[in-house]
Protein chains: 2
Amino acid sequence: MKLTFLGTGDVRQVPVFGCNCRACNTARQNPALRRRPCSALLTTPYGKLLLDGGIIDLAERFQPGELSAILLTHYHVDHVQGLFHLRWGIGEKIPVYGPEDTQGCADLTKHPGILDFQAPLKPFKPFYLGELKITPVPLIHSKPTLGYLFESEQRQLAYLTDTVGLPEATTTFLQRHTELEIIIDCSEPPQPNPPRNHNDLNSVLHIHQTLQPKALWLTHLNHKMDEWLLDNDLPEGIYVARDGLEI
Amino acid sequence: MKLTFLGTGDVRQVPVFGCNCRACNTARQNPALRRRPCSALLTTPYGKLLLDGGIIDLAERFQPGELSAILLTHYHVDHVQGLFHLRWGIGEKIPVYGPEDTQGCADLTKHPGILDFQAPLKPFKPFYLGELKITPVPLIHSKPTLGYLFESEQRQLAYLTDTVGLPEATTTFLQRHTELEIIIDCSEPPQPNPPRNHNDLNSVLHIHQTLQPKALWLTHLNHKMDEWLLDNDLPEGIYVARDGLEI
Ligand SMILES: [Mn+2]
Ligand SMILES: [Mn+2]
Ligand SMILES: [Mn+2]
Ligand SMILES: [Mn+2]
Ligand SMILES: [Zn+2]
Ligand SMILES: [Zn+2]
C-alpha cells in the first residue's frame, strides 16, 4: 500500500492569488513548491483509490478504468471540484464513498454521471475493498466530515482532513492501533488559540502526543504555515507533505 | 473592443473523459483543438471583462488587478467553478455582475472573498462600464440566465450562452440592432428535435435567419458537434470559435 499526495494545499492553495509573502513568491518561482487542493492517491493490491476530488485535471491524470473508487472526506468545493467535470465521462462507473451530507455540493449528487455514489458511510463501521480494511472516523469541521483508517497487513494509515482536533471517540479508536501512520490537516502555523475549522500546528502536536504514531505527515497547509516552515523545524517524527510525495 | 475566447466547450469539455470518438481523439492528440469550459475575455478601453468564470486556472492566467469586472451568464458549475479558488485571493476586490439567482452555486456568494457581487442585473436595463454600454438579455436555460449585448462606437457584440432558442423579447430587442455580431451556444449538431437546455445547430440557424447578424460564432460546443464539423461545412457568415481565438 502506497500513498501519493496529489495536493497538499488548503482552500486558497499556494501561491495565493495576489499574495507576495515569501512562501507564495517561492512557490511562484518553483512549481515543485506549489500546493494544489488537498487530495491523495492510495495504490493498493485492490486498485487505485482517490482520496478526495478537488484536483481539477483528474481527466488528464487518470485513464478511464484506472480508479477503482473515490473516497470523499466531505463535500466542500476544494475537496470535490474536480468531480464536476469527471462525472460527464463515458464508460465504467466509479464507486464514490463519503459521509452523510444531505446538502452535498451544488448539483453533484443530483447529476452524478459516471460517479456511482454509494450509501453514506457510517462512522466506525468498517468496510473492505478487496483485502483492504477501511474504517471511517468522524472529524470536527464545518461540514459533516470523515477521516479514514486504511489497514493492510503491513500498514495502518490514517487520513485525517479537514479537522480541528479530533472527537474523543476517534481518538479512543485510533489509540487502539499501535502501528499508526497519520496524515493530518495542519492548515495554520501555531496560533494563540486553535482556529475554528482546521488544525494549527499546536493542535497537531497535541494529537501527535496523544496518539504517538510511528510517523505523521502534515497536509492541507496554507501559505502562512509554509512561511513558518522557512524559519522553523518540526519535532522528530513529523514531516511536511509535498504535492507528488509518495509514502 | 476585442473578444478572446478562453473556452468554447460544453460542460463535458472536449475531449470527454473516456470517449474515443474522432473529435475527442483528435483533441487528445492536438491540445489546440481542446475545448475548455465556455468563457471569454472582453478587452475594452475601460479594462478587461471576464465573461463567466468556468476556466479553472484564472489565478495563473491573470495578474492581480488585471480584471476590471466579471460578468456571469448564470451559476451552473461549468460557468463559475474557477471563482471558487480566485475568491480567496488577496488585494483589490473584483466586481461581479450576474442574474438574479437565489440558489447561486454552492457557497460562492456566501463566502465571496475578493469577489464583490453586485446587485442582480435586470433584463433589458443597460448599464455602463466606462463608455461601454452593456444590456443584459434573458435567455432560455435550466437556471436563470442572462446574455449580454456590448455596444461600443464600433461594435455591437451579443454574447448568448447558455440558451435553447431565444425569448421573444430578446429577439425583438436584438432585431433593433443592425450591426450585430453574435456569439451563441451551439452545443449540439442538428437534432430531429431541439434539445432541452441548449441550442443544436438547427436552432442556431433559425436564430441566424431571424436576426441576420453581420457575423455569428458558435461556442459551447460538445464533442458530437465537433465530430459533425469534421464532415460538414457551415453556411456563410457562421464561424466556429476555438479556445484562444480573438475576434
Ligand atoms: Mn479543505
Ligand atoms: Mn473543508
Ligand atoms: Mn454551460
Ligand atoms: Mn448551463
Ligand atoms: Zn502568501
Ligand atoms: Zn467524444
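Here, the structure is the one placed above.
The following refers to the structure shown. Worth saying up front: this structure is predicted, and the values here are computed from it rather than measured.

Reading the values: the criteria
- Residues numbered from 1 in each chain as written.
- Chains lettered and ligands numbered in written order.
- Predicted model: local features only at pLDDT ≥ 70, side-chain atom pairs only at ≥ 80, totals over all residues.
- Heavy atoms only, no water.
- Pairing = 2+ DSSP bridges.
- Helix = DSSP H or I, 4+ residues; strand = E, 2+ residues; numbered from the N terminus.
- Axes fitted to C-alpha atoms, helices over the stretch in contact; angles between N-to-C directions.
- Contact = heavy atoms within 4.5 Å.
- Buried area = accessible area lost by both parts, 1.4 Å probe.
- Salt bridge = Lys/Arg side-chain N within 4 Å of Asp/Glu carboxyl O.
- Polar contact = N/O pair within 3.5 Å; in protein donor to acceptor, adjacent residues only side chain to side chain.
- Donors = N, O, S within 2.8 Å, 3.2 Å for Na, K, Ca; no water.
- Least-squares fit on C-alpha atoms with pLDDT ≥ 70 in both.
- Buried < 20%, exposed > 50% of the residue type's maximum accessible area, 1.4 Å probe, protein only.
- Lys, Arg positive; Asp, Glu negative; His and termini not counted.
- Core = buried A, V, L, I, M, F, W, Y, C linked by side-chain atoms within 4.5 Å.

Quick word on the sheet that holds strand 10 (residues 156-160) of chain B
Within a beta sheet, neighbouring strands are joined by backbone hydrogen bonds and run either parallel or antiparallel to one another.
Residues and elements named next belong to chain B.
Here is step 1: Taken in spatial order, the 7 strands make up an open sheet running 7-8-9-10-11-12-13, and their pairing is mixed. Because the sheet does not close on itself, it has two edges, and the strands there are strand 7 (127-129) and strand 13 (238-240). Each strand axis lies, on average, 25 degrees off the axis of its neighbour in the sheet, ignoring direction.
Here is step 2: One ladder, built from 5 bridges, connects strand 11 (residues 180-185) with strand 12 (residues 215-219); its direction is parallel. Across the sheet, residue isoleucine 182 finds its bridge partner in strand 12, namely leucine 216.
Here is step 3: Sheet contacts for helix 5 (residues 168-175): strand 8 (132-138), strand 9 (146-151), strand 10 and strand 11; angle to strand 8, the most-contacted strand, approximately 150 degrees.
Here is step 4: The strands touched by helix 6 (residues 201-211) are strand 11, strand 12 and strand 13; relative to strand 11, the strand with the most contacts, the crossing angle is about 165 degrees.

Here we look at the interface of chain B and chain A
Here is step 1: Contact residues are listed per partner, giving 29 residues for chain B and 29 residues for chain A.
Here is step 2: Taking both partners together, chain B and chain A bury about 2400 Å²; carbon and sulfur atoms supply 67% of that area.
Here is step 3: Taken together, chain B and chain A are joined by 4 salt bridges.
Here is step 4: Taking the shortest distance from any N to any O, the salt bridge between B:Glu60 and A:Arg34 comes out at 3.2 Å.
Here is step 5: At the junction of chain B and chain A, the tally comes to 10 residue pairs in polar contact (both at pLDDT 80 or more).
Here is step 6: Of all elements in the fold, only helix 2 (58-61) and helix 4 (83-86) of chain B reach the threshold of two or more residues within the side of chain B that touches chain A.

Some words on the coordination of the manganese ion (ligand 2)
Residues and elements named next belong to chain A.
Here is step 1: Around the manganese ion (ligand 2), the protein contributes the donor atoms His74 (NE2), His76 (ND1), His141 (NE2) and Asp162 (OD), at 2.2 to 2.3 Å from the metal centre.
Here is step 2: Within one chain, the residues donating to the manganese ion (ligand 2) are spaced in sequence as H-x1-H-x64-H-x20-D.
Here is step 3: A gap of 3.4 Å separates the manganese ion (ligand 2) and the manganese ion (ligand 1), which aspartate 162 links by coordinating each metal. Here the residue histidine 141 occupies a position in the loop between strand 8 (132-138) and strand 9 (146-151), and aspartate 162 occupies one in the loop between strand 10 (156-160) and helix 5 (168-175), the gap between them amounting to 21 residues.

Looking at the relation of the copies chain B and chain A
Here is step 1: When chain B is fitted onto chain A, the two copies agree to an RMSD of 0.0 Å after a turn of 180 degrees and an axial shift of 0.0 Å. These values place the two chain copies in the arrangement generated by a two-fold rotation axis. When C-alpha positions in chain B are compared against the rotation axis, the closest is assigned to B:Ala106, at 2.4 Å.

Section: the coordination of the manganese ion (ligand 4)
All names here are of chain B.
Here is step 1: Only His74 (NE2), His76 (ND1), His141 (NE2) and Asp162 (OD) from the protein coordinate the manganese ion (ligand 4), and they sit 2.2 to 2.3 Å from it.
Here is step 2: Counting gaps between the donor residues of the manganese ion (ligand 4) yields the pattern H-x1-H-x64-H-x20-D.
Here is step 3: In this model, the manganese ion (ligand 4) sits 3.3 Å from the manganese ion (ligand 3), the two metals being bridged by aspartate 162. Within this pair, whereas histidine 74 is found in the loop between strand 4 (67-71) and helix 3 (77-80), its partner aspartate 162 is found in the loop between strand 10 and helix 5, the two being separated by 88 residues in sequence. Neither residue differs from the other here; histidine 74 and aspartate 162 are each classed as buried.

A word on the pairing of strand 8 of chain B
Residue and element names in this part refer to chain B.
Here is step 1: Counting buried residues in strand 8 gives 6 out of 7 residues, a clear majority hidden from the surface.
Here is step 2: Bridge count between strand 7 and strand 8: 3 bridges; the pairing is antiparallel. What sits directly across from tyrosine 128, in strand 8, is lysine 133.
Here is step 3: From the end of strand 7 to the start of strand 8, which pair antiparallel, there are 2 residues, and glycine 130 there has a positive phi angle of about 60 degrees.
Here is step 4: Bridging between strand 8 and strand 9 involves 6 bridges; their strand directions are antiparallel. Bridge assignment links lysine 133 to a residue of strand 9, and that residue is glutamate 151.

Some thoughts on the side chain of A:Asp78
Here is step 1: Secondary-structure assignment places A:Asp78 in helix 3 (residues 77-80).
Here is step 2: Although A:Asp78 lies buried, it forms no salt bridge, and the closest oppositely charged side chain, B:Arg87, sits 6.8 Å away as judged by the N-O distance.
Here is step 3: A polar side-chain atom of A:Asp78 sits 3.3 Å from a polar atom in the side chain of A:His79.
Here is step 4: Not counting the four nearest positions on each side in its chain, A:Asp78 is found in contact with A:Asp10, A:Val11, A:Pro37, A:Gly54 and A:His220.

Observations concerning the environment of B:Met1
Here is step 1: Relative to the helices and strands, B:Met1 is located in the segment before strand 1 (2-7).
Here is step 2: For the pair B:Met1 and B:Ser152, spaced 151 residues apart in sequence, the C-alpha separation works out to 7.3 Å.

A short note on the nonpolar core
Here is step 1: A:Ile70, A:Leu83, B:Ile70 and B:Leu83 are the most contacted members of the largest nonpolar core, which has 44 residues in total.
Here is step 2: Among the elements of the structure, strand 4 (67-71), helix 3, helix 4 (83-86) and strand 5 (94-97) of chain A together with strand 4, helix 3, helix 4 and strand 5 (94-97) of chain B are those that each provide at least two residues to this core.
Here is step 3: Setting aside residues up to four positions removed in sequence, A:Leu83 forms contacts with A:Gly53, A:Leu58, A:Ile70, A:Leu72, A:Leu108 and A:Leu115.

Overview of unusual backbone geometry
Here is step 1: Here the residue pair B:Val14 and B:Pro15 is connected by a cis peptide bond, since its omega of 0 degrees sits within 30 degrees of zero.
Here is step 2: Position of B:Pro15 relative to the elements: it lies in the loop between strand 1 and helix 1 (22-29).
Here is step 3: With an omega of 0 degrees, the peptide bond running from B:Thr161 to B:Asp162 counts as cis.
Here is step 4: Positive phi is not limited to glycine here, since A:Gln212 has a value of about 45 degrees.
Here is step 5: Mapping A:Gln212 onto the fold places it in the loop between helix 6 (201-211) and strand 12 (215-219).

Some thoughts on the sheet that holds strand 10 of chain A
Residues and elements named next belong to chain A.
Here is step 1: Judged by pairing direction, the sheet is mixed, and its 7 strands sit side by side in the order 7-8-9-10-11-12-13 without closing on themselves. In the strand order of this sheet, the two ends are held by strand 7 (127-129) and strand 13 (238-240), each with one partner. Pairwise comparison of adjacent strand axes, ignoring direction, gives a mean angle of 25 degrees for this sheet.
Here is step 2: Helix 5 contacts strand 8, strand 9, strand 10 and strand 11 (180-185) of the sheet and is inclined by roughly 150 degrees relative to strand 8.
Here is step 3: Each of strand 11, strand 12 and strand 13 touches helix 6; the most contacted strand, strand 11, lies at about 165 degrees to it.

The analysis is restricted to geometry; functional conclusions fall outside its scope.
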